[in-house]
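Observations on the three-dimensional arrangement
Given next are the chains, with one letter for each unit.
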Amino acid sequence: MTTTLEPDGTHDGVAAYHFDNRLGGPVLSHQNRWDEMAAAHSGFRSTVARGHWVVTDGPAVQKALQDWRTFSNKSVTALDPDPTFLWIPEMLDPPVHTVWRRLLGHYFSPKTVAAREPEIRRVAGDLIDALKERAGADVLDEFARRFPTLIFMRLMGLPEEDLPTFLDWVHELLHLSHSEDPDGSRRLAAMRAVSAYFEEQITLRRSAPRDDLLSHAMAWTVDGTPINDRDMHAFCILLFQAGLDTVPISIGWALYHFATHPEQRREIVADPSLIATGVEETLRVYSFVVPARKATRDVEVGGCPVRAGEMVMLPLAVTNRDPDRFDNPSEVDLRRKAVNHIAFGSGPHRCLGSHLARLELNVAVEEWHRRIPDYRIAPGQDLWQHGNMYGIKSLRLEWRG
Amino acid sequence: MKITIDAAQCSGHARCAAAAPGLFRLDDDGYALPYDGDVPEDLEEAARDGESACPERAITTG
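Computed from a prediction, not measured in an experiment: that's the story for all the values here. (Residues numbered from 1 in each chain as written. Chains lettered and ligands numbered in written order. Predicted model: local features only at pLDDT ≥ 70, side-chain atom pairs only at ≥ 80, totals over all residues. Heavy atoms only, no water.)

1. Side note on the overall build of chain A
Quick note on the threshold: Secondary structure elements follow DSSP: runs of H or I of four or more residues count as helices, runs of E of two or more count as strands, with numbering from the N terminus. Within these notes, the globule rule equals 2.2 Å times the number of residues to the 0.38 power, and the radius of gyration is based on C-alpha atoms. In this scheme, a residue with accessible area under 20% of its type's maximum is buried, one over 50% is exposed, and one in between is partly exposed, where area comes from a 1.4 Å probe on protein chains only. Contacts are assigned to residue pairs that have any heavy atoms within 4.5 Å of one another. Only the protein chains shown count as cover for residues, with accessible areas throughout obtained via the Shrake-Rupley method and a probe of 1.4 Å. In this tally, Asp and Glu contribute negative charge and Lys and Arg positive charge; neither His nor the terminal groups of the chain are included. Throughout, a charge is located at the NZ atom of Lys, the CZ atom of Arg, the CG atom of Asp or the CD atom of Glu.
Within chain A, the secondary structure is distributed over 16 helices and 16 strands. Relative to its length of 401 residues, chain A is compact, with a C-alpha radius of gyration of 21 Å against a globular reference of 21 Å. The principal-axis extents of the C-alpha atoms in chain A amount to approximately 60 × 55 × 45 Å. With 401 residues in all, chain A has 57% of them scored as buried. Restricting the contact set of chain A to residue pairs at least 6 apart, pairs at least 24 apart contribute 69%. Counting every atom, chain A has about 17,000 Å² of accessible surface; 52% of that belongs to carbon and sulfur. Measuring between centres, the 45 positive side-chain charges of chain A sit 3 Å from its 55 negative side-chain charges.

Right, here's the structure in full:
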């Protein structure tokens, strides 16, 4: 099937397309389509719903992400310019954003995260040990989704027996296609359940604080005022939304990559010191996050005449696969010298969890290949990636027989 | 050789310290600290590695 977009006229003199980023497609179809669009345009108009702008010039995408004064985080969803919900700190702008990031910075700093490495390695190793004697598995459901979610729950101080419930919620919230949830009622029900869960966890800690991130955060002040339950809740929802699906998606891409590139797999097995660059390269090549910002003033970006209040989509794939920034941009190069990608975003909203995510990803790839060095994609699958964030829907690998 | 770090541009990716751990130092949150003085000659290549590792291009050597 083709994933090339059909033109839909022009808008203010700029090429327009019916581009709906919510739709899924075959593996890598979104990334390849970004390459096509970036080769043809520096920006275009999407005519979906009320319409929004899309920037496809690599440097312009990054510059917009860095320019928080012009491109606000009041909305980060291209199709929802006036959200009724708030995610903290993602949907805040400086200076309040800066206060939150300083408070949170320590918990997610490279040093703090590194101290958890033995524990993170143990959790990954135990999960893979349970799989290695089998003939194969759906590695997303049985490893990639469980491992980082367990680490997240430990960090937040949430009971591990809630893991299956958490994984169900993530699925219902983020992975349903239009035909599975035509009126959005399943998604809404999951949202309400997550919301009620965190309300309960916050209440528990108000009466009896513990030694966990949630309890610590509840004792913080922003501009001299203690954080209220509403903001605490907005923080929990963000960590859930932003933190729970991204590492599984990245692990999925790394395993997909090394399953489909057996020569590179043999190289990292023989020399695990190549894994660090391999991980950075899979983050870059399979870029799956598509941020959006809301213009605070009239501005031209990527050739698009953006008006104040309009939404602008800023796909990271465009910068990370830009041939002017990287030679052979769509190739994973285990020996690439400079891998200065922006898979974790750019500017003040650089992914708060990036250091934790990077460690988890390196540990996952190292521990996996130590135990299961040889594997392949099980035959008979239509490999499909979700829309919005491009994660593989399911990935069955086999390593015996 | 000197290293200039644009603190306004640094967003705490911490890639400079990963590329050249003996040279770049980070604050408690993982943002690059200023580098004072001259880079020892044997660390000039490491300095350039740190420069090219920065996603924000906040580091200049020379």
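Here the narrative resumes.
2. Re the sheet that holds strand E16 (residues 396–398) of chain A
Residues and elements named next belong to chain A. Test applied: When DSSP finds two or more bridges between two strands, those strands count as paired.
In spatial order, the strands read E7-E16-E14; together these 3 strands make up an open sheet with antiparallel pairing. Every interior strand has two partners, whereas the edge strands, strand E7 (136–138) and strand E14 (376–377), have only one. In terms of strand pairing, E14 meets E16 through 2 bridges, oriented antiparallel. In the sheet register, Ile 377 faces E16, and the bridge partner there is Leu 397.

3. Overview of the interface of chain B and chain A
One frequently used descriptor of interface size is the decrease in accessible area upon assembly of the parts. Applied cut-off: Two parts placed together each lose some accessible area under a 1.4 Å probe, and adding up what both lose gives the buried area. Any Lys or Arg side-chain nitrogen found within 4 Å of a carboxyl oxygen on Asp or Glu counts as a salt bridge. N or O atoms closer than or at 3.5 Å make up a polar contact, with two conditions inside protein: a donor-capable atom paired with an acceptor-capable one, and, for residues adjacent in sequence, both atoms drawn from side chains. Throughout this entry, Asp, Glu, Lys and Arg are counted as charged residues, while Ala, Val, Leu, Ile, Met, Phe, Trp, Tyr, Cys and Pro are counted as nonpolar. The remaining residues, Gly among them, count as polar.
Contact with chain B, which involves 18 residues of that partner, is made by 23 residues of chain A. In total, chain B and chain A occlude about 1,400 Å² of area from one another, counting both sides; carbon and sulfur atoms represent 38% of this. Inspection of the region where chain B meets chain A yields 3 salt bridges. Lys111(A) serves as the salt-bridge partner of Asp28(B), at 3.7 Å between the closest nitrogen and oxygen. Linking chain B with chain A are 14 residue pairs in polar contact (both at pLDDT 80 or more). Ranked by residues supplied to the side of chain B that touches chain A, first place goes to helix H2 (residues 44–53) of chain B with 3 residues. Here the side of chain B that touches chain A is composed, by residue class, of 6 nonpolar, 6 polar and 6 charged.

4. Overview of the environment of Ala317(A)
All names here are of chain A. Along the chain, Ala 317 turns up in helix H15 (residues 316–320). In the structure, Ala 317 is positioned 283 residues away from Trp 34 in sequence and 6.9 Å away in space, judged by C-alpha atoms. Once you skip the residues sitting within four places of it in the chain, Ala 317 turns out to touch Trp 34 and Ser 287.

5. Observations concerning the packing of aromatic side chains
All names here are of chain A. Heads up, the condition is: Centre distance within 6.5 Å is the pairing criterion for rings of Phe, Tyr and Trp, where only the six-membered ring of Trp is used; planes under 30 degrees apart are then read as stacked, over 60 as edge-to-face, and the remainder as tilted. Throughout this description, the term charge over a ring refers to an Arg CZ or Lys NZ atom that lies within 6 Å of the ring centre and within 35 degrees of the ring normal.
Evaluated as defined, the whole model comprises 22 aromatic pairs over all chains. A ring pair is formed by Phe 198 and Phe 240, whose centres lie 6.1 Å apart and whose planes are at 75 degrees; its orientation type is edge-to-face. With a gap of 42 residues between them, Phe 198 in helix H9 (residues 185–207) and Phe 240 in helix H11 (residues 229–243) connect regions that are remote in the sequence. Accessibility classification places Phe 198 together with Phe 240 in one group, the buried group. Following the ring pairs from residue to residue traces out a cluster consisting of Phe 152, Phe 166, Trp 169, Tyr 197, Phe 198 and Phe 240. The ring of Trp 53 has Arg 45 lying over it, and the distance from NZ or CZ to the ring centre is 4.7 Å.

6. Comments concerning the sheet that holds strand E1 (residues 7–11) of chain A
Residue and element names in this part refer to chain A. Ordered in space as E1-E2-E4-E5-E13-E10-E6, the 7 strands form an open sheet in which the pairing is mixed. Of all the strands in the sheet, just E1 and strand E6 (71–72) have a single pairing partner and so form its edges. Pairing analysis gives 2 bridges linking E6 to strand E10 (residues 292–295), with the strands arranged antiparallel. Bridge pairing in E10 places Phe 71 opposite Ala 295.

7. Section: the pattern of salt bridges
Tallied over the full model, the rule gives 33 salt bridges over all chains. Two residues, Asp93(A) and Lys74(A), come together in a salt bridge whose shortest N-O distance is 3.5 Å. Linking Asp93(A) in the loop between E6 and helix H3 (96–105) with Lys74(A) in the loop between E6 and H3, this pair joins segments that are 19 residues apart in sequence. Overall, the relative accessible area of 16% leaves Asp93(A) in the buried class. When the shortest N-O distance is used, the salt bridge between Asp38(B) and Lys2(B) registers 3.1 Å.

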